[in-house]
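Single-letter residue listing:
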Amino acid sequence: MPEKKQSELKKTATAQTGQTQDDVVYGHIFDAILEQRLPPNTKLNEEALGEIFGVSRTIIRRALLRLSVEQIVNIRPNRGAIVAAPNSEEAKQVLKAREVVELAITELAVDNATSEQVASLRLLVEEEHQAFEQGDIGRGIRLSGEFHIQLGNMANNSPLLSFQRSIVSQTSLIISLYEVGTRSQCSFDEHNDLLDAIEAGDKAKAISLMKTHLEHIKSKLALDEEAITTDLHAVFSDVIKKK
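We now turn to the structure provided with this report. (Residues numbered from 1 in each chain as written. Predicted model: local features only at pLDDT ≥ 70, side-chain atom pairs only at ≥ 80, totals over all residues. Heavy atoms only, no water.)

**Concerning the packing of helix α2 (residues 21-34) against helix α4 (residues 57-69)**
- Orientation of α2 relative to α4, taken along the N-to-C sense of each, is 55°, at an axis distance of 9 Å. The angle between the axes of α2 and α4 places the two elements in the oblique class. α4 is crossed by α2, and the crossing has right-handed handedness. Only Ile59, Ile60, Arg62, Ala63, Leu64, Arg66 and Leu67 of α4 make contact with α2, whose side of the interface consists of Gln21, Asp22, Asp23, Val25, Tyr26, Ile29 and Phe30.
- Considered class by class, the residues forming the contact of α2 with α4 number nine nonpolar, one polar and four charged. (Axes fitted to C-alpha atoms, helices over the stretch in contact; angles between N-to-C directions. Helix = DSSP H or I, 4+ residues; strand = E, 2+ residues; numbered from the N terminus. Parallel < 35°, antiparallel > 145°, perpendicular 65-115°, else oblique. Left-handed = near helix turned anticlockwise from the far one by under 90°. Contact = heavy atoms within 4.5 Å. Nonpolar A, V, L, I, M, F, W, Y, C, P; charged D, E, K, R; others polar.)

Below is the structure:
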């Protein structure tokens, strides 16, 4: 591994609020999964990823291990890592778990949200809207997922937030596998309505809106589809171009 490449990523990591190389690699892969640029069953070749990010395979392994703990990457003995591909029964379980955690987070968000957090999320919803309007589907999907993750921040409960990150990414994988018709996206109108209820302190309405929102996501899924795979160098072309 050329020292220059490792040094460049190290500088990038340090510049990003003290992040380690592991954090940077983890973040890129996490976002690529959330944006559905890395579909289920994609082989995550350590050598290719090391070349793409300019880091050692040890760094890559640590990032993949973190993702495996969140159940969005599967590490197979002697065969390497792949992006997780939940079967239909696992998908149903994930969606049920998401319903439970999202409703708990919504209830706590009503109790704990600050005006600054609500304002910040409204800006994020506007970015989401603009991304879809501009045809940037991947970015729109990521921002939609980020909206739900930031609700976890609002709830002011670290364990729930940690689980929320994992469950949102797993849902993205499920959508990649089982969505029918046009690409689904969390409606920015539904997101804004939910923020209105949270800001008004209307817990019952906020929970009802979240239930409806999750039902809309589930209604677009048919648990019988297969995923495609994609080339790692194509997925991370933006990283390669920056070298």
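**Comments concerning helix α3 (residues 46-53)**
- Burial runs high along α3: six of the eight residues are buried.
- When α3 is considered as a whole, its buried residues turn out to be Glu46, Ala48, Leu49, Gly50, Ile52 and Phe53.
- Structurally, the start of α3 carries an N-cap: the backbone nitrogen of Glu47 is 3.0 Å from a side-chain oxygen of Asn45.
- Positive backbone phi, approximately 70°, marks Gly54, located one or two places after α3. (Buried < 20%, exposed > 50% of the residue type's maximum accessible area, 1.4 Å probe, protein only. Polar contact = N/O pair within 3.5 Å; in protein donor to acceptor, adjacent residues only side chain to side chain.)

**Here we look at the environment of Ala97**
- Within the element layout of this structure, Ala97 appears in helix α5 (residues 88-112).
- Ignoring any residue separated from it by four or fewer positions in sequence, one finds Ala97 in contact with Phe163 and Ile167.

**Let's talk about the sheet that holds strand β2 (residues 73-76)**
- Spatially, the three strands line up as an open sheet ordered β1-β3-β2, and their pairing is antiparallel. Pairing within the sheet leaves two strands with one partner each, and these edge strands are β1 (43-44) and β2.
- Where β2 meets strand β3 (residues 80-83), four bridges bridge the pair, whose relative direction is antiparallel. Of the residues in β3, the one forming a bridge with Asn74 is Ile82.
- Strands β1, β2 and β3 of the sheet are contacted by α4, whose axis makes an angle of about 115° with β2. (Pairing = 2+ DSSP bridges.)

**What about a nonpolar patch on the surface?**
- On the surface, a cluster of nonpolar side chains totalling about 300 Å² of accessible area is made up of Leu65, Val69 and Ile75.
- A residue is classified by how much of its surface remains accessible, and Leu65, at 49% relative accessible area, is partly exposed. (Patch = residues over 30% accessible without salt bridge, like charges linked within 9 Å, V, L, I, M, F, W, Y side chains within 5 Å. Areas by Shrake-Rupley, 256 points an atom, 1.4 Å probe, with all protein chains shown as cover. Salt bridge = Lys/Arg side-chain N within 4 Å of Asp/Glu carboxyl O.)

**Thoughts on empty space enclosed by the protein**
- Summed over all chains, the structure comprises one cavity of 30 Å³ or more.
- Considered as a void within the structure, the largest cavity measures approximately 50 Å³ in volume.
- Lining the largest cavity are Leu95, Arg98, Glu99, Thr171, Leu214, Ile217 and Lys218.
- Mapped by element, the contributors of at least two residues to the lining of the largest cavity are α5 and α10 (203-219).
- Of the residues assigned to the lining of the largest cavity, the class counts are three nonpolar, one polar and three charged. (1 Å grid on protein atoms, 1.4 Å probe; cavity = no way out; pocket = protein on both sides within 12 Å on 5 of 7 lines; lining within 4 Å. Points joined across faces, edges and corners; volume = space filled by probe spheres on them.)

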